[in-house]
Amino acid sequence: MSDLTDSLVDVSSDSFWEVGNYKRAVKRVDDGNRLCNDLINCLHERARIEKSYASQLTEWARRWRQLVEKGPQYGTAERAWFALMTEAEKVSDLHMEVKAALMGEDLEKVKNWQKDAYHKQMIGGFKETKEADDGFRKAQKPWAKKLKEVDAMKKAYHNACKEEKTASSRESSSKLDNNNPEAQKKLQEKVEKCQQEVQKTKERYRKSLEELDKVTPQYMENMEQVFEQWQQFEDKRLRFFRDLLLGVKQHLDLSSNHKYATVYHTLEDTVRAADAQEDLRWFRSNHGPGMAMNWPQFEEWSMDLNRTLSRRETKRKHNDGVTLTGISQTTEHTSKTSSSVAVASSSEAACLNPFDDDDDDDGGEDDGGEVEEDEEEPAAERPKSSPLAVKREEVTSQTANGNPFEDEASAAELCVPVRALYDYEGQEQDELSFRAGDQLMKMSEEDEQGWCKGRLSDGTLGLYPANYVEDLE
């Protein structure tokens, strides 16, 4: 066995038939197992790329959907823009399906096939590797043994030829030197002996080659059988890889997925449905000349007038002053009015009211202590009064008629902290704008149209929808 091992080391060429060169065919078994691991890592890395791309698409769609929603775009053009985000979301879902297929179905196939094809031993690598090595070694052993004999005979023959050449050279030198006949005779005998040895080793060398030639066909047949056995083993791996990669291609090729085609058909239909004329008509109807308008009309005064006010009229009711006409005001009435105004002012001050228009509204009173009858100014020309001035005029009007309106003082004292539940953008100059979570002060109760007067933390006063906030107390 040691002689065979020595012969395996002496490889004279790169041919498969040389002793030991079957090792490359054996190594292919280990390479197949390593390639399975490489394929698993390859698919795993591609799955991470698919997941990352899907996540980026989803984040892009979420961010831009919010930007477009808050932006000025409207109508069918807005829907066409949104279609891009919808496409990204659906394509993201498809790439997540690809990732799931790679990590699930495809990777499991490789792992299961690898587990069935390669059996790890406690010591010495894979069972299949050992079987391949043993098969080739067994098929090559008889021929390798004969080859070793041939190499030995060849070496002996070449050594004999060398000895014969040396002896002949010495004999020739002795003749030239005219040595004694006895010495020349011995050299001649040495040459003859070496020649005989050359003939013997030559015959043995040829005979060993003949014997090697006889076992060579069987050697080739046995090696072919073993090689074909492991060719079939490798054939299974190659076919499995081919089939698996075709399956991976099906998962990666979204163009063959009907859902993928539907995404872009929907996107195209939505974009083509964008109609500039329709959007212009919508804007005209909602923000342009097409909007409805409560045009001013002549109205008769009536005691039982109970007309529902619009939101704009409701705001005017809170902001416009009350004009006093035809009232004779006594000192006592004036005292009551001043007292009421003082209560309102102190209540407003208690809420850190930033009103600056705290002017005396008694300018219409002449030196005789009476208020002259004034004509009511048109709404466009009447200067806006501050809410505090409104309260003063209303209280003065009530007191002048001998009927103090005590609830006005309590209304002026209203100062309730509230928190915004939703975002609100003021549509008019007298409306507040705030974000969900902002805190403000409610300065009046809700009117019949659902609006309240309030004050922001920066002191800004205005109206806001009552159902957009909640009380904090």
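Position numbers for residues count from 1 along each chain, tracking the sequence in the order it is written. Selection of residues for local features in this predicted model requires a pLDDT of at least 70, selection of side-chain atom pairs for listing and counting requires 80 or more, and totals for whole chains, interfaces and linings are taken over all residues. Side-chain metrics rest on all non-hydrogen atoms present in the structure, leaving aside hydrogens and water.

Describing the overall build of the protein chain
- In this description a helix means any DSSP run of H or I spanning at least four residues, a strand means any run of E spanning at least two, and both kinds are numbered starting from the N terminus. Assigned secondary structure in the protein chain consists of 11 helices and five strands.
- Every one of the 473 residues in the protein chain was classed for burial, and the buried ones make up 33%.
- Considering only intrachain contacts with a sequence separation of at least 6, the fraction spanning at least 24 residues in the protein chain is 71%.
- All accessible-area figures derive from a Shrake-Rupley calculation using a 1.4 Å probe, and residue coverage is judged against the displayed protein chains alone. About 31100 Å² of surface is accessible on the protein chain, with carbon and sulfur atoms providing 50% of the total. Accessibility here uses a 1.4 Å probe with only protein chains present; expressed as a share of the type maximum, an area under 20% marks a residue as buried, one over 50% as exposed, and anything in between as partly exposed. Should any heavy atoms of two residues lie within 4.5 Å, those residues are considered in contact.

Considerations on the sheet that holds strand 3 (residues 451–455)
- Note on pairing: two strands pair once DSSP finds at least 2 bridges between them. Spatial strand order, 4-3-2-1-5: five strands in an open sheet with antiparallel pairing. Both outer strands of the open sheet, strand 4 (461–465) and strand 5 (469–471), are each paired with one neighbouring strand and no more. Direction aside, the axes of adjacent strands within the sheet are offset by 45° on average.
- Relative to strand 2 (residues 439–442), strand 1 (residues 416–420) runs antiparallel, the two being bridged by four bridges. Counterpart to Pro417 in the pairing with strand 2 is Met441. Angles run from 0 to 180 degrees between N-to-C directions of axes, and those axes are lines fitted to C-alpha atoms, restricted for helices to the stretch in contact.

A few points about the packing of helix 2 (residues 23–70) against helix 3 (residues 75–117)
- Between helix 2 and helix 3, the shortest axis-to-axis distance is 8 Å and the interhelical angle comes to 165°. With respect to each other, helix 2 and helix 3 are oriented roughly antiparallel. Judged by the twist between their axes, the crossing of helix 2 over helix 3 is left-handed.
- A per-class count over the contact of helix 2 with helix 3 returns 25 nonpolar, eight polar and 10 charged. Orientation is classified from the angle alone, with under 35 degrees giving roughly parallel, over 145 giving roughly antiparallel, 65 to 115 giving roughly perpendicular, and any other angle giving oblique. Take the far helix as the reference: if the near one is turned anticlockwise from it by less than a right angle, the crossing is left-handed, and if turned clockwise, right-handed. Ten residue types, Ala, Val, Leu, Ile, Met, Phe, Trp, Tyr, Cys and Pro, are classed as nonpolar, four, Asp, Glu, Lys and Arg, as charged, and the remainder, Gly among them, as polar.

Comments concerning the confidence of the model for the protein chain
- Per residue, pLDDT measures the predictor's confidence, with a range of 0 to 100. On average, residues of the protein chain carry a pLDDT of 79, and 73% of them reach 70 or more.
- Mean pLDDT in the protein chain bottoms out at helix 10 (residues 387–400), which sits at 39, and peaks at helix 2, which reaches 96.
- Below a pLDDT of 50 lies the segment residues 1–11, which in the model reaches 13 contacts outside its immediate sequence neighbourhood of four places, other chains included.
- Confidence over residues 305–412 falls short of pLDDT 50; this stretch has 114 contacts with residues more than four positions distant or in other chains.

What about the pattern of salt bridges?
- The working definition used for a salt bridge is a side-chain nitrogen of Lys or Arg within 4 Å of a carboxyl oxygen of Asp or Glu. On inspection of all chains with the given rule, the structure shows 21 salt bridges.
- Notably, a salt bridge pairs Arg24 with Asp14, separated by 3.2 Å at the nearest N-O pair. Of this pair, Arg24 sits in helix 2 while Asp14 sits in the loop between helix 1 (2–9) and helix 2; the two residues are 10 residues apart in sequence, bridging distant segments of the chain.
- Asp134 serves as the salt-bridge partner of Lys130, at 2.9 Å between the closest nitrogen and oxygen.

Structural notes on the pairing of strand 4
- When you tally the buried positions in strand 4, you get four out of five residues, the bulk of the element.
- Pairing geometry for strand 3 and strand 4, over five bridges, is antiparallel. Paired with Lys453 across the two strands is Leu463, which belongs to strand 4.
- Here strand 3 folds back onto strand 4 in antiparallel fashion, the turn holding five residues, of which Gly459 has a positive phi close to 95°.

Examining a nonpolar patch on the surface
- A surface patch of nonpolar side chains, about 450 Å² in accessible area, is lined by Trp60, Trp64, Leu67, Trp81 and Leu84.
- At the level of secondary structure, the elements contributing two or more residues to the nonpolar patch comprise helix 2 and helix 3.
- Here the nonpolar patch gets three residues from one element, more than from any other, and that element is helix 2.
- Within the secondary structure, Trp64 is located in helix 2.
- Overall, the relative accessible area of 30% leaves Trp64 in the partly exposed class. Without a salt bridge and with relative accessible area above 30%, a residue can belong to a patch; like charges are then joined within 9 Å and nonpolar side chains (Val, Leu, Ile, Met, Phe, Trp, Tyr) within 5 Å.

Some words on the nonpolar core
- By nonpolar core we mean a set of buried residues, namely Ala, Val, Leu, Ile, Met, Phe, Trp, Tyr and Cys, connected to one another through side-chain atoms within 4.5 Å. One finds Leu43, Val110, Tyr118, Phe136, Trp230 and Leu244 to be the most contacted residues of the largest nonpolar core, which totals 41 residues.
- Of all the elements in the fold, those that place two or more residues in this core are helix 2, helix 3, helix 4 (127–177) and helix 5 (181–252).
- Of all hydrophobic cores here, the second largest spans 15 residues; its members include Tyr424, Leu440, Leu456 and Leu463.

Some points on helix 4
- Helix length check: helix 4, at 51 residues, gives a terminal C-alpha distance of 72 Å against a target of 75 Å (1.5 Å per residue), a fit within 8%.
- Maximum bend of helix 4: about 45°, positioned at Lys141, with proline Pro142 one to four residues after it. Here the expected length of a helix is defined as 1.5 Å per residue gap, with one fewer gap than residues. Across the chain, bend at a residue is computed as the angle between axes fitted to the seven residues ending at that point and the seven starting from it.

Brief notes about the packing of aromatic side chains
- Centres within 6.5 Å are what make two rings of Phe, Tyr or Trp a pair, Trp counting through its six-membered ring; a difference in plane orientation under 30 degrees is then read as stacked, over 60 as edge-to-face, and the rest as tilted. Inspection of the entire model under this criterion finds 21 aromatic pairs.
- Plain terms: the ring middles of Trp143 and Tyr219 are 4.4 Å apart, the flat faces sit at 10° to each other, and that makes the pair stacked. Within this pair, whereas Trp143 is found in helix 4, its partner Tyr219 is found in helix 5, the two being separated by 76 residues in sequence.
- In this structure Trp143 comes out as buried when scored by relative accessible area, which is 12%.
- What makes Tyr219 buried here is its relative accessible area of 3%.
- Ring geometry for Tyr157 versus Tyr205: centroids 6.1 Å apart, planes at 25°, classification stacked. Of the two residues, Tyr157 sits in helix 4 while Tyr205 sits in helix 5, which places them 48 residues apart along the sequence. The residues Tyr157 and Tyr205 share a single accessibility class, namely buried.

Concerning the packing of helix 4 against helix 5
- Helix 5 packs onto helix 4 with a crossing angle of 165° between their chain directions and a minimal axis gap of 7 Å. Regarding the angle of helix 4 to helix 5, the classification is roughly antiparallel. Crossing of helix 4 over helix 5 shows left-handed handedness.
- Each residue belonging to the contact of helix 4 with helix 5 can be placed in one class, and the counts come to 26 nonpolar, 11 polar and 15 charged.

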